[in-house]
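# Observations on chain architecture
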Amino acid sequence: QVQLVECGGGLVQAGGSLRLSCAASGTIFRTNGMGWYRQAPGKQRELVAQIIYTGSANYADSVKGRSTIPKDNAKNTVYLQMNSLKPEDTAVYYCNARVVDIGLRTDDHWGQGTQVTVSS
């Protein structure tokens, strides 16, 4: 079993910053990739940022230049640092992890989601 636990959501003023964290635990051999998605009301879930085991990362155009996604491979933890927040960043943010378990099977896992609200 693999669990993802997210922390760090909340209410932030426009222009402010926020740091989300997501820790994967359980029968993990390695996390090949971890990422953050978000879903605003009435919209589809979209990729925000993702990082693979080697450290290579990519970002949605909407957050590029004001977000980073550091990852601690030893702790199976990924972070999302977002700066210069805008009201349109308001959404539920979900952590995703592509996990290789101790049986060397690869599966995608999702966190429960954390609400980020940016006030204007």
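Summarised in this report is the structure supplied together with it. Everything numeric here is computed off the predicted structure, so don't read it as measured data.

Rules and cut-offs
- The residue count restarts for each chain, going from 1 along the sequence in the order it is written.
- A pLDDT threshold of at least 70 governs which residues receive local features in this predicted model, and a stricter bar of 80 or more applies before side-chain atom pairs are shown or counted, although totals over entire chains, interfaces and linings include all residues.
- Only hydrogens and water are removed before side-chain values are computed, so all heavy atoms of the structure are retained for them.
- We call a set of buried residues a nonpolar core when its members are Ala, Val, Leu, Ile, Met, Phe, Trp, Tyr or Cys and they connect through side-chain atoms within 4.5 Å of each other.
- With a 1.4 Å probe rolled over the protein chains alone, any residue whose accessible area is under 20% of its type maximum counts as buried; one over 50% counts as exposed, and the rest are partly exposed.
- Comment: elements are numbered from the N terminus, with helices defined as DSSP H or I runs of at least four residues and strands as E runs of at least two.
- Contact criterion: two residues are considered in contact whenever any of their non-hydrogen atoms come within 4.5 Å of each other.
- Cysteine sulfur atoms are paired as a disulfide whenever they fall within 2.5 Å.
- For this analysis, a ring pair means two rings from Phe, Tyr or Trp (six-membered ring only for Trp) whose centres lie within 6.5 Å, classed as stacked if their planes differ by under 30 degrees, edge-to-face if by over 60, and tilted for the remaining angles.
- Here, a charge over a ring means that NZ of Lys or CZ of Arg falls within 6 Å of the ring centre while also lying within 35 degrees of the ring normal.
- A pair of strands is labelled paired if DSSP reports no fewer than 2 bridges between them.

A few words on the nonpolar core. It is characteristic of soluble globular proteins that their nonpolar side chains tend to be buried jointly. If you look at the biggest cluster of nonpolar residues, it comprises 28 residues, and the most contacted ones within it are W36, V78, L80 and Y93. Broken down by secondary-structure element, the contributors of at least two residues to this core are β1 (2-7), β3 (18-26), β4 (28-39), β5 (46-52), β9 (77-82), β10 (91-101) and β12 (114-119). Here this core gets five residues from one element, more than from any other, and that element is β10. Filtering out sequence-adjacent residues up to four positions away, V78 remains in contact with L20, S21, C22, M34, W36, I51, I69, P70, K71 and C95.

Turning to the state of the cysteines, a few remarks are in order. Throughout the structure, instances matching the rule amount to one disulfide. Covalently, C22 is tied to C95 through a disulfide, its sulfur atoms 2.0 Å apart. Handedness here is read from the sign of the S-S torsion; for C22 and C95, about -80°, the answer is left-handed. In this pair, C22 is assigned in strand β3 and C95 in strand β10, connecting sequence segments 73 residues apart. When its relative accessible area of 0% is taken as the criterion, C22 is described as buried.

Attention shifts here to the environment of L11. Examined against the element boundaries, L11 turns out to sit in strand β2 (residues 10-13). Overall, L11 belongs to the exposed group, its relative accessible area being 66%. For the pair L11 and C95, spaced 84 residues apart in sequence, the C-alpha to C-alpha distance is 18 Å. What L11 contacts, discounting residues up to four positions off in sequence, is T117 and S119.

Turning our attention to the packing of aromatic side chains. Counted by the stated rule, this structure contains one aromatic pair. Geometrically, the ring pair formed by Y37 and W110 is edge-to-face, given 5.0 Å between the ring centres and 65° between the ring planes. Remark: W110 occurs in strand β11 (residues 106-110) and Y37 occurs in strand β4; sequence separation between them is 73 residues. In this arrangement the basic side chain of R30 is found over the ring face of Y53, its NZ or CZ atom lying 4.5 Å from the centre. In this structure, R45 is placed above the aromatic ring of Y94, and the distance from its NZ or CZ to the ring centre is 3.8 Å.

Another point: the pairing of β10. Counting buried positions over the eleven residues of β10 gives nine, a clear majority of the element. Of the pairings in the sheet, the one linking β4 to β10 comprises ten bridges and is antiparallel in character. Looking at β10, one finds that G33 is bridged to R98. Relative to β12, β10 runs antiparallel, the two being bridged by three bridges.

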